Amino acid sequence: MRFRDEYRDGRAARTLADAIARTVTRPWTLMEVCGGQTHAIVRFGIDRLLPPDVSLVHGPGCPVCVTPVEYVDKAIAIAGRAGVILCSYGDMLRVPSSGGDLLAARSRGADVRAVYSPLDALEVARRNPRREVVFFAVGFETTAPANAMAAYRARQEGLGNLSLLVSHVLVPPAMRAILDAPDNRIQGFLAAGHVCTVMGYEEYLPLAARYRVPIVVTGFEPLDILEGVYRCVRQLEAGRAEVENPYSRVVRRAGNRTALAVMGEVFRVIPRRWRGIGDIADSGLGLAPAYAAFDAENRFGPVALDREATGECISGRVLKGECKPTDCPAFGTRCTPEHPLGVTMVSAEGACAAYYRYRGIPARSS
């Protein structure tokens, strides 16, 4: 398959890994900020191809994983109201909150529906004019254009029974928060290719300059990731800190102007709390004042942000790149995809789910 098979060539992967090994003269720590890249790294054993001096750390690249508990609680509460249909992407249905998940709410009689697109929720609203339809709008910049379009179309059509519960997050502010942390050890980033497809990569330029870290726009296949690592390491060894885009078959510097235009009309930048991480300034999207009528928090009451409960799960530390999933004593025993303690074991992009699926349960010393 074009644009896939040639990026999974084993001989080419070994050539790139050898080039990385020849380039490295000291330890470097890089972070990928994309759950899709995390799964590719673990699935194809990319981290095991690298020399010991190059460490890959998994960042907060799973949008479902960083959705605050309180928003899941709010979605469950809204779904439980009479006359409401709550629509969501399927991977949100099993995300644990303080009182169960959306699947449990459906088992109690709530009308919770998994959809593939927010435009599916728009169609549900058209077919059910006497019911309130709420779409749980989560994700990074990647899903924001389609979610914005749902609100835009609803406003154009005068569709008054559709609203959005919005919990969008933005990647560059999270990278900034990681770099500002007093114990930060990240020296370079593999930027999420799908985010840059929408946003471009101009917003990474001031980050690279201010923090003196290389940022390489990276795709999702093994050769994409190895190329991203190679370019990061080459910059670090040369004392450079620039933004590079080897993923040019998909990403343009200015991004997708049409998508950015609809996002700019429908959304505004706001502070956002990230699950397991905390509050990050200017790291979220909320509906702009012109679209306030389609805001589920205006219709059903605002989300009450409480202090996040702590427990055995260390998913917050995994999301911040402080540790690997296998560092958790509950991994693969008390915490599995069937019985997850935390959201990183639930989501299809979660790091814990990737390690469980592709690496199995580590042996424990007694």
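For the structure itself, look to the data block above.
Since the structure is predicted, the reported quantities are computational estimates derived from the model, not experimental observations. (Residues numbered from 1 in each chain as written. Predicted model: local features only at pLDDT ≥ 70, side-chain atom pairs only at ≥ 80, totals over all residues. Heavy atoms only, no water.)

### Re unusual backbone geometry
Most peptide bonds take the trans form, and the phi angle of most residues other than glycine is negative.
No. 1: Of note, Arg 212 is a non-glycine position whose phi angle comes to about 55°, a positive value.
No. 2: Its location among the elements puts Arg 212 in the loop between α10 (205-211) and β8 (215-218).
No. 3: In this structure, Asp 282 is a non-glycine residue whose phi angle is positive, near 50°.
No. 4: Structurally, Asp 282 is set in strand β11 (residues 278-287).
No. 5: We classify Asp 282 as partly exposed; its relative accessible area is 46%. (Helix = DSSP H or I, 4+ residues; strand = E, 2+ residues; numbered from the N terminus. Buried < 20%, exposed > 50% of the residue type's maximum accessible area, 1.4 Å probe, protein only.)

### So, the side chain of Glu 297
No. 1: With respect to the helices and strands, the residue Glu 297 is situated in helix α13 (residues 296-300).
No. 2: An unpaired buried charge is present at Glu 297: no salt bridge exists, and Arg 272, the closest side chain of opposite charge, is 5.4 Å distant.
No. 3: At 2.8 Å, the side chain of Glu 297 and the backbone nitrogen of Val 303 are in polar contact.
No. 4: When near neighbours in sequence (up to four residues on either side) are disregarded, Glu 297 contacts Tyr 71, Leu 165, Pro 302 and Val 303. (Lys, Arg positive; Asp, Glu negative; His and termini not counted. Salt bridge = Lys/Arg side-chain N within 4 Å of Asp/Glu carboxyl O. Polar contact = N/O pair within 3.5 Å; in protein donor to acceptor, adjacent residues only side chain to side chain. Contact = heavy atoms within 4.5 Å.)

### What about the pairing of strand β10 (residues 267-274)?
Two faces, one strand: in a regular strand the side chains alternate between the faces of the sheet.
No. 1: Here β10 runs beside β11; their pairing, made up of 7 bridges, is antiparallel. Residue pairing across strands places Trp 274 opposite Gly 278, the latter belonging to β11.
No. 2: Where β10 hands over to β11, the hairpin turn is made up of 3 residues, of which Gly 276 adopts a positive phi near 80°. (Pairing = 2+ DSSP bridges.)

### Quick word on the nonpolar core
Note on soluble globular proteins: their nonpolar side chains tend to be buried together.
No. 1: Counting 90 residues, the largest nonpolar core has Leu 165, Phe 189, Tyr 204 and Ile 215 as its most contacted members.
No. 2: In contact with Ile 215, not counting residues within four places along its chain, are Met 175, Phe 189, Ala 191, Tyr 204, Leu 207, Ala 208, Glu 242, Val 243 and Glu 244.
No. 3: One finds Ala 19, Ile 20, Trp 28 and Val 54 within the second-largest nonpolar core, a separate group that totals 23 residues. (Core = buried A, V, L, I, M, F, W, Y, C linked by side-chain atoms within 4.5 Å.)

### Things to note about the sheet that holds strand β7 (residues 188-192)
No. 1: Here 5 strands make up an open sheet; going across it, the order is β2-β1-β7-β8-β9 and the pairing parallel. Looking at strand neighbours, the two that pair on one side only are β2 (54-58) and β9 (243-244), the edges of this open sheet.
No. 2: In this sheet, β9 lies alongside β8 in parallel orientation, the contact comprising 2 bridges. When the bridges of β9 are listed, Ile 215 appears paired with Val 243.

### With respect to the pattern of salt bridges
Where charged atoms from two side chains of opposite charge come close, those side chains can pair.
No. 1: In the structure shown here, the tally under the stated rule is 20 salt bridges.
No. 2: When the shortest N-O distance is used, the salt bridge between Glu 157 and Arg 126 registers 2.8 Å. Of the two residues, Glu 157 is situated in helix α7 (residues 144-157) and Arg 126 in helix α6 (residues 118-127); the sequence distance between them amounts to 31 residues.
No. 3: Owing to a relative accessible area of 39%, Glu 157 belongs among the partly exposed residues under this scheme.
No. 4: Measuring nitrogen to oxygen at the nearest pair gives 3.9 Å for the salt bridge that ties Lys 320 to Glu 322.
No. 5: What makes Lys 320 partly exposed here is its relative accessible area of 32%.
No. 6: With relative accessibility at 33%, the residue Glu 322 sits in the partly exposed group.
No. 7: It is possible to trace a salt-bridge network through shared partners that takes in Glu 123, Arg 126, Arg 127, Arg 153 and Glu 157.

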